[in-house]
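So the chains spell out like this:
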Amino acid sequence: MKVEPLEFEKPIVDLERQLAALKDHSAGQGVGAESEIEKIEEKISKMKYEVYQGLTAWQRVQIARHTQRPFTLDYVENCFDDFLELHGDRHIGDDDAMPAGFARLEGRRCIVLGHQKGRNTKENLLRNFGSAHPEGYRKALRLMRLADKFGKPIVTFIDTPGAYPGIGAEERNIAEAIAFNLREMMRIKVPIVAVVIGEGGSGGALGIGIADRVLMLENSYYSVISPEGCAAILWKDRKYAEDAATAMKLTAKDLKAMDVIDEIIPEPLGGAHHDHITMGRSVKSALVKHLTELRELDTEELLEQRYEKFRKFGEFRG
Amino acid sequence: MRTLFQCQRGLASGVSLLCAAVFFAGNLPAEDRAGVETEVASIRQYYVEVEALQDLQKLDLVFKCDGEPMEGVLTRRAKSTGQVVRIDLGYLEGGHGGADEMYYYRDGQVFFVLVSASWWQFSGKKEGETIDTMRERRYYFSKGKCIRILEKKVTAPKQEQLRALISKAENRELDLNTEESKEVIAEVRRKADVLPRLEDSKAVAKFFCEGE
């Protein structure tokens, strides 16, 4: 898969092109250019290290939105077996922005669900850009209740710019559907692990985000509003999105420091979109680790810890 | 897509009554109504002229909004002199829908706009039941002023049925003086004025994503 470079990656891509051209030329002409090749390779490594180690919050937001980044169904394929998708919320209909179903993780049956984005126009029409309608949240809860009934753990993948704010969604009570999920997820008696894999946009993310463990990929973000939305409100101009991203403390590192999340899952160099398989392995191993730990807790401890975890958000540490 | 002008040809030859537009010109005096008809006839002629133009320079500008559910393609068609004669805009918005818009220009002024939007929604009556809708609006402009809007709107349980239905649907003339019409006309005008000035994907994204 050819990866589309982001704006800040372009100097690296230019050097890589130069290197490829030099290698071709040197092979074609039979001219030794080893020292020059070595120099450029060294320069590329150095540049990659500098760029990727020093990513700003805004650059991480851009990586989190990369269309070639692995989405929920990629993780389902790379981390789970025997996925059986279930459809419908038993009220209104189905929502393709929120695929959900039974699957096996290391042989153990669980429920897996998450927001699903599209990579092209046709997919985005189906997946609504990963912005779920009330049906998505109600379907998610229906399946979580199934998991509760059968004593199976739940894994959720969060990747949404936000729940869909359209007229139809409002008419069918999107806010109520999310609020209901928040309350009900707090009461579900089986372990829940949520992973923010890309965008963790506001209530849309929280609607499947009440979990015993909340993990975040290194280049994902989790926040009450998009940086563009924040900039538009605070500075009346979306061009300040970069400043907003910094001020909002929305990166995995910031949120780990504030104990909002439990673990940061490292990504391959340059971001998860460069290597889906390695990223899938890292996510799988984190899921197995956390679910194994959570299995040791009895129901009362599990529910109490989950409740306490969310109650302490926003505590003032003077 | 059946265009207004295909419908017009059908009517002229008496072949297709299905394309008949229902023109009710409200309380316009007879002479004003006649004036509008003359202008509409000229607009139709301009349309045919633009459609017949050969060797236009075509430029596709793809755009995607970060943080907003919207993406699409804007296609500019210009004469070798650089004068834009037609702009096609196709986009997908969140909420299971999108639109195709076509803007026609003569001497730098918009004279005709066709907006074809389609979307689906749940019926709310039976689980999983959906309703697909397609709406076409045709805007006629003369000397910068909107003189007529025609609308066709159809719904069906399946998206594949919409094309056939809309080709048979009758046009309804909208009252230009309602608040809603005024708002829609202002928006179409604004877009028609700005679109020819957007010459690269960045500018297109800025306009659609940031409203600038």
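Note that this is a predicted model, so its numbers are computed, not measured.

J.: Can you lay out the overall build of chain A for me, pointing to particular residues and giving the numbers?
T.: Helix and strand content of chain A: 14 helices and 8 strands. In terms of C-alpha radius of gyration, chain A reaches 21 Å, essentially the compact-globule figure of 20 Å for 318 residues. Each principal axis of the C-alpha distribution contributes one length, and for chain A these read about 70 × 50 × 45 Å. Among the 318 residues that make up chain A, the fraction classed as buried is 53%.

J.: Which residues make up the overall build of chain B, and what values do they have?
T.: Of the regular secondary structure elements, chain B holds 5 helices and 9 strands. Secondary structure elements of chain B, listed N to C terminal, follow the sequence α-β-α-β-β-β-β-β-β-β-α-β-α-α. Considering chain B as a whole, with its 212 residues, one finds that 44% of them fall into the buried category. Long-range contacts, defined here as pairs at least 24 residues apart, represent 45% of the contacts in chain B between residues at least 6 apart.

J.: Outline the packing of aromatic side chains, listing residues and values.
T.: For the coordinates displayed, the defined rule picks out 14 aromatic pairs over all chains. A centroid spacing of 5.1 Å and a plane angle of 55° characterise the contact between A:F310 and A:F313, whose relative ring orientation is tilted. When its relative accessible area of 32% is taken as the criterion, A:F313 is described as partly exposed. Summarising the aromatic geometry, the rings of B:Y104 and B:F112 are spaced 5.9 Å apart at their centres and angled 45° between planes, so their arrangement reads as tilted. When its relative accessible area of 0% is taken as the criterion, B:Y104 is described as buried. Judged by relative accessible area, B:F112 falls into the buried class, the value being 2%. Of the aromatic side chains, those joined through ring pairs into one cluster are B:Y46, B:Y47, B:Y104, B:F111, B:F112 and B:Y140. In this structure, A:R119 packs its charged tip against the face of A:F71, placed 4.3 Å from the ring centre. In this structure, A:K309 packs its charged tip against the face of A:F310, placed 5.9 Å from the ring centre.

J.: Tell me about the state of the cysteines, residues and numbers included.
T.: Residue and element names in this part refer to chain B. Scanning the entire structure with this criterion turns up 1 disulfide over all chains. A sulfur-sulfur distance of 2.1 Å marks the disulfide that ties C65 to C209. Between C65 and C209 the sulfur-sulfur dihedral comes to about -85°; the bridge is accordingly left-handed. With C65 in the loop between strand 2 (57-64) and strand 3 (70-78) and C209 in helix 5 (residues 201-210), this residue pair connects regions lying 144 residues apart in the sequence.

J.: Got a sec to walk through the pattern of salt bridges? Specific residues and values, please.
T.: Tallied over the full model, the rule gives 40 salt bridges over all chains. A:R90 is the partner of B:E127 in a salt bridge, and the nearest nitrogen-oxygen pair spans 3.7 Å. One end of the pair, B:E127, is in the loop between strand 6 (109-122) and strand 7 (130-142); the other, A:R90, is in the loop between strand 1 (81-86) and strand 2 (100-105), on a second chain. A salt bridge links A:K117 to A:D159, with the shortest nitrogen-to-oxygen separation between them at 3.3 Å.

J.: Account for the packing of helix 6 (residues 134-150) of chain A against helix 8 (residues 174-187) of chain A, naming residues and giving values.
T.: Residues and elements named next belong to chain A. Between helix 6 and helix 8, the shortest axis-to-axis distance is 8 Å and the interhelical angle comes to 20°. By the criterion of interaxial angle, the relationship of helix 6 to helix 8 is roughly parallel. Helix 6 and helix 8 meet at a crossing whose hand is left-handed. Residues P134, Y137, R138, A140, L141, M144 and R145 of helix 6 form the contact with helix 8, whose participating residues are I174, E176, A177, I178, F180, N181, E184 and M185.

J.: Which residues make up the interface of chain A and chain B, and what are the values?
T.: Counting from both sides, the interface comprises 23 residues of chain A and, opposite them, 22 residues of chain B. Of the roughly 1,900 Å² buried at the junction of chain A and chain B (both faces included), carbon and sulfur atoms supply 56%. The largest contributions to the chain A side of the interface with chain B come from A:I92, A:F129 and A:R238, which together make up 32% of the buried area. Looking at the side of chain A that touches chain B element by element, the count peaks at 4 residues for helix 5 (residues 121-127) of chain A. Its residues placed into classes, the side of chain A that touches chain B shows 5 nonpolar, 9 polar and 9 charged.

J.: Can you lay out the domain arrangement of chain A for me, pointing to particular residues and giving the numbers?
T.: Residue and element names in this part refer to chain A. Looking at the assigned domains, one finds that chain A contains domain 1 (7-54) and domain 2 (63-311). Between the C-alpha centres of domain 1 and domain 2 the distance comes to 38 Å. Each partner contributes residues to the interface: domain 1 has 4 residues there, and domain 2 has 5 residues. For the pairing of domain 1 and domain 2, the buried interface totals around 340 Å² over both sides, and the portion due to carbon and sulfur atoms is 71%. When residues of domain 1 are sorted by the area they lose upon contact with domain 2, F8, E9 and Y52 head the list and together hold 80% of the total. Run the count over domain 1 and domain 2 and you get 0 salt bridges. Linking domain 1 with domain 2 are 0 residue pairs in polar contact (both at pLDDT 80 or more), by the criterion used here.

J.: Describe the nonpolar core, with residues and values.
T.: A:L113, A:Y137, A:I154, A:Y222 and A:I261 are the most contacted members of the largest nonpolar core, which totals 40 residues. It is helix 6 of chain A that provides the largest number of residues to this core, a total of 6 residues. B:A78, B:V84, B:I185 and B:C209 belong to the second-largest nonpolar core, a separate cluster that totals 33 residues.

J.: For a negative patch on the surface, give the residues involved together with the corresponding values.
T.: Residues A:D298, A:E300, A:E301, A:E304, A:E308 and A:E315 make up a contiguous surface patch of negative charge. Inspection of the secondary structure assignment puts A:E304 in helix 14 (residues 299-311).

What counts, and at which threshold
- Position numbers for residues count from 1 along each chain, tracking the sequence in the order it is written.
- For this description, chains carry letters from A and ligands carry numbers from 1, given in the order in which they are written.
- In view of the model being predicted, local features appear only for residues whose pLDDT reaches at least 70, and side-chain atom pairs are presented and counted only at 80 or more, with totals across whole chains, interfaces and linings using the full set of residues.
- As a rule here, side-chain values cover all heavy atoms of the structure and leave hydrogens and water aside.
- Where helices and strands are cited, they refer to DSSP runs of H or I of at least four residues and of E of at least two residues respectively, numbered from the N terminus.
- For a compact globule the rule gives 2.2 Å times the number of residues to the power 0.38, and the radius of gyration it is set against comes from C-alpha atoms.
- Categorising residues by exposure relies on relative accessible area from a 1.4 Å probe, with only protein chains included: less than 20% of the type maximum marks a residue as buried, more than 50% marks it as exposed, and the intermediate range marks it as partly exposed.
- A contact between two residues is defined here by any heavy atoms of the two lying within 4.5 Å.
- Only rings of Phe, Tyr and Trp enter the pairing, Trp through its six-membered ring, and a pair is recorded when the two centres are within 6.5 Å. The plane angle decides the type: under 30 degrees is stacked, over 60 is edge-to-face, the rest tilted.
- Here, over-ring charges are defined by two tests on the NZ atom of lysine or the CZ atom of arginine: distance to the ring centre within 6 Å, and angle to the ring normal within 35 degrees.
- Whenever a pair of cysteine sulfur atoms sits within 2.5 Å, that pair is classed as a disulfide.
- When a carboxyl oxygen of Asp or Glu lies within 4 Å of a side-chain nitrogen of Lys or Arg, that pair is called a salt bridge.
- Angles run from 0 to 180 degrees between N-to-C directions of axes, and those axes are lines fitted to C-alpha atoms, restricted for helices to the stretch in contact.
- Note on terminology: angles under 35 degrees are roughly parallel, angles over 145 are roughly antiparallel, angles of 65 to 115 are roughly perpendicular, and the others are oblique.
- When the near helix sits turned anticlockwise from the far one by under a right angle, the crossing is termed left-handed; a clockwise turn instead gives a right-handed crossing.
- Summed over both partners, buried area is the accessible surface (1.4 Å probe) that two parts give up on being assembled.
- Any residue that is not Ala, Val, Leu, Ile, Met, Phe, Trp, Tyr, Cys, Pro, Asp, Glu, Lys or Arg is counted as polar, Gly included; the first ten are nonpolar and the last four charged.
- Where a domain begins and ends is set by an automatic assignment or by a domain database.
- Each polar contact in these results corresponds to two N or O atoms within 3.5 Å; when the atoms are within protein, one needs to be able to donate a hydrogen and the other to accept it, and residues that are neighboring in sequence are counted only if both atoms are side-chain atoms.
- Each nonpolar core is a collection of buried residues, namely Ala, Val, Leu, Ile, Met, Phe, Trp, Tyr and Cys, held together in the definition by side-chain atoms within 4.5 Å.
- Think of a patch as exposed residues, more than 30% relative accessible area, with no salt bridge, where like charges cluster within 9 Å and nonpolar side chains (Val, Leu, Ile, Met, Phe, Trp, Tyr) cluster within 5 Å.
- The accessible surface values rely on the Shrake-Rupley method and a 1.4 Å probe; as for residues, cover is taken only from the protein chains in view.
- Note that His is not counted, nor are the chain ends; the positive residues are Lys and Arg, and the negative ones are Asp and Glu.
- Note on charges: their place is set at NZ of Lys, CZ of Arg, CG of Asp or CD of Glu.

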